[in-house]
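The primary structure of each chain is shown beneath.
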Amino acid sequence: MKNFVYNGQPSRVVFGAGSLQYLGREIEALGANKALVLSTPEQRASAEMIADLLGSRAAGVFDRAVMHVPIETAREAREIARKLGADCAVAIGGGSTTGLGKAIALDSGLPILAIPTTYAGSEMTPIYGITEAGIKKTGKDARVLPRTVIYDPELSLSLPVGMSITSGINAIAHAAEGLYAVDGNPIMDLMAKEGMAALGRALPAIKKVANDMTARSDALYGAWLCGTVLGNVGMALHHKLCHTLGGSFNLPHAETHTIVLPHALAYNAAAAPEAMLAIAGALNAKSAAQAVFGLAKDNGAPVALRDIGMKESDLDKACDIAMQNQYPNPRPLERAAIRQLLQDAFEGARPGS
Ligand SMILES: NC(=O)C1=CN([C@@H]2O[C@H](COP(=O)(O)OP(=O)(O)OC[C@H]3O[C@@H](n4cnc5c(N)ncnc54)[C@H](OP(=O)(O)O)[C@@H]3O)[C@@H](O)[C@H]2O)C=CC1
Ligand SMILES: O=C(O)/C=C\C(=O)CC(=O)O
């Protein structure tokens, strides 16, 4: 018998190869006249292309997005948006750029139109993160949920293959934890399974042929579904570990998710058997943890924290931080087992089933 609460999130999605052509129509539908276009420094050419498409509706380009949204950058972008009279922001890029858009929206209520080029999923969530004095604070606010998202797989063709694999597994992590979320519901379960299956098909195909448009489309479709799960239900141990490792040890976001997920799933396996069956089924395998580990290793992604900058001498500290302010998790957090999990992830050991 089912018992659940389901909250729909009000966002509009325009999906498909070439859908960037609808940008003008979508800005108009927002009732906006002047868009500040956001990007990282490296993706400035894409931001300028967007500004050209917008023509007189472009207020300007702000190309200083960086990972984890430093408060100083957020303040600068807010001030520029205000000075230029922008009444919306267009964020083209990954979670870092979407995050900057969210920081502007949090302060001003400006509507955000997001054009994601990674699979991180931030565009589908009301979650924001801002880093001040080296500490990243996250929160939830309906104002930061992008009002419109244009998913155009053609724009993800330039995402390097390695980043595509790790970013895709970052998306899978949202779906996997959504399946054992305390506040899960059947709609999110459907989205989680469909999203993981799409990414499970797409990532090996992208590894083989980087510009396989069917695979790029499947991956972005999967990212949308998995991001929606992240935006609707609570995350657990895996996300807590990744926030600890990213926030306190400055490890790269998608790679950290890729390495930790198999171990977090192995830790939770006995406590969430139905979720594990669903994850394994979606990835066409017998074991959820092994399936994710294989997806990473077989497609050339890192599987060991030591290979992405973690120091072994910091594992005890990471474990201590992970034990604080715990996220709800199907299996209670046991310090010795979490420390072992971190050791296994550090070494890139094959996870238990
Ligand atoms: N609030 C939320 O709900 C969520 C927030 N996040 C946050 O988002 C951040 C991570 O997002 P993620 O997308 O992984 O990271 P980034 O946005 O930093 O992008 C990751 C990498 O992808 C590259 N890239 C992006 N688009 C392109 C492109 N079109 N062509 C070539 N390279 C490209 C970037 O290159 P370059 O730097 O050169 O542009 C960067 O190296 C973290 O801060 C995380 O906390 C993530 C998920 C959900
Ligand atoms: O840290 C944030 O900005 C908010 C959420 C996430 O990063 C989700 C994730 O870990 O992928």
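The name an unreviewed UniProt entry assigns to the protein is Maleylacetate reductase, from the organism Polaromonas aquatica. Comment text from UniProt for the protein, heading Sequence similarities (unreviewed entry), reads "Belongs to the iron-containing alcohol dehydrogenase family."

**Q** How do you make sense of the overall build of the protein when you look at a structure like this?
**A** Helix and strand counts for the protein stand at 13 helices and 8 strands. Taken over the C-alpha trace, the protein has a radius of gyration of 19 Å; the compact-globule value for 353 residues is 20 Å, and the two agree within 12%. Along the longest, intermediate and shortest principal axes, the C-alpha atoms of the protein span 60 × 45 × 40 Å. Evaluated residue by residue, the protein yields a buried proportion of 56% over its 353 residues. Here the contacts in the protein between residues at least 6 apart in sequence split such that 76% fall between residues at least 24 apart. Only carbon and sulfur atoms are counted for the fraction: they give 51% of the accessible area of the protein, which is about 14,500 Å².

**Q** Would you mind going over the packing of aromatic side chains with me for this structure?
**A** The full count for this structure, using the stated rule, is 3 aromatic pairs. For the pair Phe-15 and Tyr-151, a centre-to-centre distance of 5.8 Å together with 40° between the ring planes defines the contact as tilted. One end of the pair, Phe-15, is in strand 1 (residues 12-15); the other, Tyr-151, is in strand 8 (residues 148-151), and 136 residues separate them in sequence. With relative accessibility at 0%, the residue Tyr-151 sits in the buried group.

**Q** What should I look at first to understand the sheet that holds strand 3 (residues 58-62) in this one?
**A** With parallel pairing, the 6 strands of this open sheet are ordered in space as 1-8-5-4-2-3. Edge positions in the sheet fall to strand 1 and strand 3, since each of these pairs with one other strand and no more. Neighbouring strand axes in the sheet, compared pairwise and without regard to direction, differ in orientation by 15° on average. Where strand 4 (residues 88-93) lies against strand 5 (residues 112-116), 5 bridges are found, and the strand directions are parallel. For Ala-89, the partnering residue across the bridge sits in strand 5 and is Ile-112.

**Q** Explain the site of ligand 2 to me, please; I cannot follow it from the model alone.
**A** Looking at ligand 2, the residues that line it are Ile-127, Gly-129, Lys-136, Thr-138, Asn-170, His-174, His-239, His-243, His-253 and His-257. Take Asn-170: an N or O atom from its side chain is 3.4 Å from an oxygen atom of ligand 2. The separation between an oxygen atom of ligand 2 and a polar side-chain atom of His-243 is 2.8 Å. When ligand 2 is considered free in solution it has 300 Å² of accessible area, and contact with the protein chains removes 84% of it.

**Q** Help me out: how do you make sense of the pairing of strand 6 (residues 127-132) in this one?
**A** Each regular strand shows side chains that alternate between the opposite faces of the sheet. Relative to strand 7 (residues 135-140), strand 6 is paired through 6 bridges, and the arrangement is antiparallel. Counterpart to Ile-127 in the pairing with strand 7 is Lys-140. What sits between strand 6 and strand 7 in their antiparallel hairpin is a turn of 2 residues, with Ala-133 showing a positive phi close to 50°.

**Q** Explain the site of ligand 1 here, please?
**A** Contacts to ligand 1 come from 23 residues, most closely from Thr-40, Ser-96, Thr-117, Thr-118 and Thr-125. Contacts to ligand 1 include Gly-95, whose backbone N or O atom sits 2.8 Å from an oxygen atom. Note that a nitrogen atom of ligand 1 is positioned 3.5 Å from one of the side-chain N or O atoms of Lys-102. Burial of ligand 1 by the protein chains amounts to 83% of its free accessible area of 920 Å². Top contributing element to the shell around ligand 1 by residue count: helix 4 (residues 95-108), with 3 residues. Looking at side-chain class alone, the shell around ligand 1 contains 8 nonpolar, 12 polar and 3 charged residues.

**Q** Mind showing me how you'd approach the UniProt feature "domain: Alcohol dehydrogenase iron-type/glycerol dehydrogenase GldA" (unreviewed entry) in the protein here?
**A** Sites flagged by UniProt as "domain: Alcohol dehydrogenase iron-type/glycerol dehydrogenase GldA" (unreviewed entry) map to residues 10-153. Taken end to end, residues 10-153 is 31% helix and 28% strand, and its two terminal C-alpha atoms sit 22 Å from one another.

**Q** Could you clarify how one ought to interpret the UniProt feature "domain: Fe-containing alcohol dehydrogenase-like C-terminal" (unreviewed entry) in the protein in this entry?
**A** Here, UniProt's "domain: Fe-containing alcohol dehydrogenase-like C-terminal" (unreviewed entry) annotation points to residues 165-346. Along residues 165-346 the backbone is 70% helical and 0% strand, and the end-to-end C-alpha distance reaches 19 Å.

**Q** Help me out: how do you make sense of the domain arrangement of the protein in this one?
**A** Frequently, the measure chosen for interface size is the accessible area removed from exposure when the parts meet. In terms of domains, the protein is made up of domain 1 (12-156) and domain 2 (161-347). Where domain 1 abuts domain 2, roughly 1,800 Å² becomes buried across the two surfaces, and 69% of that area is made up of carbon and sulfur atoms. The interface formed by domain 1 and domain 2 contains 0 salt bridges. The interface formed by domain 1 and domain 2 contains 4 residue pairs in polar contact (both at pLDDT 80 or more). Its residues assigned to classes, the side of domain 1 that touches domain 2 shows 12 nonpolar, 5 polar and 3 charged.

**Q** I would appreciate a short explanation of the environment of Tyr-180 in the present structure.
**A** Relative to the helices and strands, Tyr-180 resides in the loop between helix 5 (161-178) and helix 6 (186-208). Residues Tyr-180 and Met-235, 55 residues apart in the sequence, show an inter-C-alpha distance of 8.5 Å. What Tyr-180 contacts, discounting residues up to four positions off in sequence, is Ala-236, Leu-265, Asn-268, Ala-272, Ala-275, Met-276, Asn-329 and Pro-330. At a separation of 3.2 Å, a polar atom in the side chain of Tyr-180 contacts the side chain of Asn-268.

**Q** Looking at this structure, I do not really get the state of the cysteines. What am I missing?
**A** Each disulfide is one covalent bond, formed between the sulfur atoms of two cysteines. Evaluation of the coordinates by the stated rule reveals 0 disulfides. Of all cysteine sulfurs, the one in Cys-242 lies closest to Cys-226, which takes part in no disulfide; the gap is 15 Å.

How each quantity is defined
- Residues numbered from 1 in each chain as written.
- Chains lettered and ligands numbered in written order.
- Predicted model: local features only at pLDDT ≥ 70, side-chain atom pairs only at ≥ 80, totals over all residues.
- Heavy atoms only, no water.
- UniProt positions renumbered as here; feature names shortened; annotations may be inferred.
- Helix = DSSP H or I, 4+ residues; strand = E, 2+ residues; numbered from the N terminus.
- Rg over C-alpha atoms; globule rule 2.2 N^0.38 Å.
- Buried < 20%, exposed > 50% of the residue type's maximum accessible area, 1.4 Å probe, protein only.
- Contact = heavy atoms within 4.5 Å.
- Areas by Shrake-Rupley, 256 points an atom, 1.4 Å probe, with all protein chains shown as cover.
- Phe/Tyr/Trp six-rings, centres within 6.5 Å; stacked < 30°, edge-to-face > 60°.
- Pairing = 2+ DSSP bridges.
- Axes fitted to C-alpha atoms, helices over the stretch in contact; angles between N-to-C directions.
- Near = heavy atom within 4 Å.
- Polar contact = N/O pair within 3.5 Å; in protein donor to acceptor, adjacent residues only side chain to side chain.
- Nonpolar A, V, L, I, M, F, W, Y, C, P; charged D, E, K, R; others polar.
- Domains from an automatic or database assignment.
- Buried area = accessible area lost by both parts, 1.4 Å probe.
- Salt bridge = Lys/Arg side-chain N within 4 Å of Asp/Glu carboxyl O.
- Disulfide = S-S within 2.5 Å.

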